[in-house]
Amino acid sequence: MLTDPLSDRLARFVESVGIPVRTVSLPEPTFLPGLDIRYGELLIDEERLLYPGDILHEAGHIAVSDTDERRKEKLDPSPGDEMATIAWSWAALCHLGLSPEVVFHPEGYKGDAAALIENFSTGHYIGVPLLQLYGLSYEPRPAAEEGVAPYPHMLRWLR
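Just so we're clear, the structure is a prediction, and the values are computed from it rather than from any experiment. (Residues numbered from 1 in each chain as written. Predicted model: local features only at pLDDT ≥ 70, side-chain atom pairs only at ≥ 80, totals over all residues. Heavy atoms only, no water.)

Peer 1: What is the right way to read the packing of aromatic side chains from this model?
Peer 2: The relative placement of two aromatic rings is captured by the distance of their centres and the angle of their planes. If you walk through the whole model with that rule in mind, you get nine aromatic pairs. When the ring of Phe-13 is compared with that of Trp-157, the centres are 5.2 Å apart and the planes differ by 90°; the resulting orientation is edge-to-face. With Phe-13 in helix α1 (residues 5–16) and Trp-157 in the segment after α8 (140–146), this residue pair connects regions lying 144 residues apart in the sequence. Consider the rings of Trp-88 and Trp-157, whose centres lie 5.4 Å apart with planes at 85°: the pair is edge-to-face. Within this pair, whereas Trp-88 is found in helix α4 (residues 79–96), its partner Trp-157 is found in the segment after α8, the two being separated by 69 residues in sequence. Residue Trp-88 shares its accessibility class with Trp-157, and that shared class is buried. Ring-pair connections join several aromatic residues into one group, and the members of that group are Trp-90, Phe-104, Tyr-109, Phe-120, Tyr-125 and Tyr-151. Here the guanidinium or amino end of Arg-159 rests over the ring plane of Tyr-134, the centre of that ring lying 3.6 Å away. (Phe/Tyr/Trp six-rings, centres within 6.5 Å; stacked < 30°, edge-to-face > 60°. Helix = DSSP H or I, 4+ residues; strand = E, 2+ residues; numbered from the N terminus. Buried < 20%, exposed > 50% of the residue type's maximum accessible area, 1.4 Å probe, protein only. Lys NZ or Arg CZ within 6 Å of the ring centre and 35° of its normal.)

Right, dumping it as structure tokens:
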């Protein structure tokens, strides 16, 4: 699919969890270079993609949106969905055995990437209550009650 091995691995993971991925040319500026979301599909312009880890972040926006929102031409994530997307991205990189810096690179997250890595690395997870509300993962106490692994383990990847 993609020529860069990391980008290809991430795109294949995204497809494996049920999010359509298509390689395209994106001549117009996009929020994250080389990536766009349309009608629940992740569009990747490999020539313009600067950070492969952004694939997981954008896929997270699709994953945590409800089905009706996902079908729209453009997503309009709420601040809560942004937090859930960050938590989803962390779970994905843990699942794939990747370094946090792949997703949380210094050029992203308005300069807060290092703080996010520190928080998640020490078990201070933002967004996980929303993942639990969406039925995607459990915080520790409910996970123990249900007999399943807690976050960053995901029960499923799509809301």
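Peer 1: Would you mind showing me how to read helix α2 (residues 54–64) here?
Peer 2: Residues three or four positions apart in an α-helix share a direction because the helix packs 3.6 residues into each turn. Extensive coverage of α2 is indicated by the burial of 11 of its 11 residues. For α2, the full list of buried residues reads Asp-54, Ile-55, Leu-56, His-57, Glu-58, Ala-59, Gly-60, His-61, Ile-62, Ala-63 and Val-64.

Peer 1: Mind showing me how you'd approach the environment of Asp-54 here?
Peer 2: Checked against the element boundaries, Asp-54 lands in helix α2. Overall, the relative accessible area of 4% leaves Asp-54 in the buried class. C-alpha separation for the pair Asp-54 and Leu-130, spaced 76 residues apart in sequence, amounts to 21 Å. Not counting residues up to four positions away in its chain, the partners in contact with Asp-54 are Leu-32, Leu-35, Val-103 and His-105. In terms of polar contacts, Asp-54 uses its side chain to reach the side chain of His-105, at 2.8 Å. (Contact = heavy atoms within 4.5 Å. Polar contact = N/O pair within 3.5 Å; in protein donor to acceptor, adjacent residues only side chain to side chain.)

Peer 1: Looking at this structure, I do not really get the sheet that holds strand β1 (residues 21–23). What am I missing?
Peer 2: Pairing between sheet strands relies on hydrogen bonds along the backbone, with the strands arranged either parallel or antiparallel. Strand order in the open sheet formed by three strands is β1-β3-β2, with mixed pairing between adjacent strands. Every interior strand has two partners, whereas the edge strands, β1 and β2 (35–38), have only one. Here the strands of the sheet are splayed against their neighbours by 25° on average, with no regard to which way each runs. Pairing of β1 with strand β3 (residues 41–44), which is carried by three bridges, proceeds in the parallel orientation. By the bridge assignment, Thr-23 is partnered in β3 with Ile-44. (Pairing = 2+ DSSP bridges. Axes fitted to C-alpha atoms, helices over the stretch in contact; angles between N-to-C directions.)

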